[in-house]
Amino acid sequence: MTQIEQLLKYQEEDSKLLKIERDAASSDEWKNYSQSKSFLTKAPEKLDAMDAKACELEAELHKISRKYEDIAETIKDFENLDDLVEEGADISFYKKNATQLQDKLKAIKAEINSLSKTVKAADEEYKAFKKKTISVQKQYTEFATAYQDYKKRKLVEMEQIKEELKKLSANIYPEVLKRYESKRSERIFPIICAVAGDRCSKCGMELSIAGKEKLAHGEVTECENCHRFLFKE
């Protein structure tokens with residue numbers, strides 16, 4: 001049996017292993033487990049960031065509220081405006097200052113209202129995320145158990161196939177098998193395919209003269225474009 005024939009037999013068995021790997025990677029058990037694990041890994045950092053942001057907003061709201069109170073206190077000085085007029089004060093000056101302070105007070109009030117809404121929204125977001133984190137923590141235990149059970153079932157199948165691959169590999173040159181495994185790790189599959197005329201049946205690249213000669217002599221030949229092993233049926 002030639003090396004290409006041995007490789008084809010090896011690839012046929014290996015394709016069963018690849019199918020199990022792909023099925024596992026797209027299984028609900030894996031998706032649920034990996035997604036919940038990823039969420040819980042990032043959750044503490046996100047909760048800390050949200051908490052820090054809420055504290056920052058609270059501090060800003062307190063600062064603006066104090067500013068509002070100070071201006072409101074200053075405006076009280078204008079409650080005795082009539083007494084100041086009787087004492088000969090320039091009423092236009094006081095009116096102008098009072099108007100400016102009232103306008104500033106309105107602007108700060110609007111800012112306080114807007115910031116209060118932001119603080120409330122941040123607080124609600126934090127509580128909702130924390131609630132979700134607790135919920136995912138409970139689900140994670142179930143998902144982890146389901147995935148481990150699924151994994152155990154698949155491992156039995158995989159070990160049987162790997163044992164068969166080990167037997168088949170004994171008839172393949174080590175350097176050829178090494179190249180095969182390298183291509184498999186690059187997600188190239190099938191790794192071995194037939195030529196169509198003088199072209200690779202997968203990518204359509206025409207073989208070089210050297211490639212055609214190797215193929216004619218039954219040697220292991222690679223496509224110069226997609227790097228698959230080629231053979232002539």
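Read on for an overview of the structure. Here the structure is a predicted model, which is why all the values come from computation and not from measurement. (Residues numbered from 1 in each chain as written. Predicted model: local features only at pLDDT ≥ 70, side-chain atom pairs only at ≥ 80, totals over all residues. Heavy atoms only, no water.)

**With respect to the overall build of the chain**
Step number 1: Counting secondary structure elements, the chain contains 6 helices and 4 strands.
Step number 2: Counting from the amino terminus, the chain carries its helices and strands in the arrangement α-α-α-α-α-β-β-α-β-β.
Step number 3: In summary, the chain has a C-alpha radius of gyration of 37 Å against a globular reference of 17 Å for 233 residues, an excess of more than 25%.
Step number 4: Viewed in the frame of its principal axes, the chain has a C-alpha envelope of about 120 × 45 × 25 Å.
Step number 5: Looking at the chain residue by residue over its 233 residues, the buried ones come to 31%.
Step number 6: Long-range contacts, defined here as pairs at least 24 residues apart, represent 72% of the contacts in the chain between residues at least 6 apart.
Step number 7: The positive charge centre, built from 43 side chains, and the negative charge centre, built from 45, are 6 Å apart in the chain. (Helix = DSSP H or I, 4+ residues; strand = E, 2+ residues; numbered from the N terminus. Rg over C-alpha atoms; globule rule 2.2 N^0.38 Å. Buried < 20%, exposed > 50% of the residue type's maximum accessible area, 1.4 Å probe, protein only. Contact = heavy atoms within 4.5 Å. Lys, Arg positive; Asp, Glu negative; His and termini not counted. Charge placed at Lys NZ, Arg CZ, Asp CG, Glu CD.)

**Let's talk about the nonpolar core**
Step number 1: Leu7, Tyr10, Tyr180, Ile192 and Phe229 are the most contacted members of the largest nonpolar core, which totals 21 residues.
Step number 2: Only helix H1 (3–25), helix H4 (91–169), helix H5 (174–185), strand E1 (192–196) and strand E4 (229–231) provide two or more residues apiece to this core.
Step number 3: In this view, Phe229 contacts Leu7, Val176, Arg179, Tyr180, Lys183, Ile191, Ile192, Cys193, Val220, Thr221 and Glu222; residues no more than four positions away in its chain are not counted.
Step number 4: Counting 12 residues, the second-largest nonpolar core is a separate cluster that includes Ile64, Ile71, Leu101 and Leu105. (Core = buried A, V, L, I, M, F, W, Y, C linked by side-chain atoms within 4.5 Å.)

**Topic: the pairing of E1**
Step number 1: Counting buried positions along E1 yields 4 of 5 residues, so the element is predominantly enclosed.
Step number 2: Bridge analysis of E1 against E4 gives 3 bridges, and the strand direction is parallel. Bridge pairing links Ala194 to Phe231 in E4.
Step number 3: Looking at chain direction, E1 and strand E2 (residues 199–200) are connected through 2 bridges and run antiparallel. The residue of E2 that forms the bridge with Ala196 is Arg199.
Step number 4: What sits between the antiparallel neighbours E1 and E2 is a turn of 2 residues, in which Gly197 has the positive phi angle 75 degrees. (Pairing = 2+ DSSP bridges.)

**A look at the pattern of salt bridges**
Step number 1: One pass over the structure, following the stated rule, counts 11 salt bridges.
Step number 2: Across the salt bridge formed by Arg199 and Glu206, the nearest N and O atoms sit 3.8 Å from each other.
Step number 3: For Arg199, a relative accessible area of 42% puts it in the partly exposed group.
Step number 4: Here Glu206 and Lys212 are joined by a salt bridge, their closest N and O atoms 3.4 Å apart.
Step number 5: Exposure remark for Glu206: the relative accessible area of 39% places this residue in the partly exposed category.
Step number 6: We classify Lys212 as partly exposed; its relative accessible area is 30%.
Step number 7: A single network of salt bridges, built from pairs that share partners, joins Asp198, Arg199, Glu206 and Lys212. (Salt bridge = Lys/Arg side-chain N within 4 Å of Asp/Glu carboxyl O.)

**Brief notes about empty space enclosed by the protein**
Step number 1: Scanning the model with the defined rule gives 1 cavity of 30 Å³ or more in all.
Step number 2: Taken together, Leu18, Arg22, Arg184, Arg187, Ile188 and Phe189 make up the lining of the largest cavity.
Step number 3: The class makeup of the residues in the lining of the largest cavity is 3 nonpolar, no polar and 3 charged. (1 Å grid on protein atoms, 1.4 Å probe; cavity = no way out; pocket = protein on both sides within 12 Å on 5 of 7 lines; lining within 4 Å. Points joined across faces, edges and corners; volume = space filled by probe spheres on them. Nonpolar A, V, L, I, M, F, W, Y, C, P; charged D, E, K, R; others polar.)

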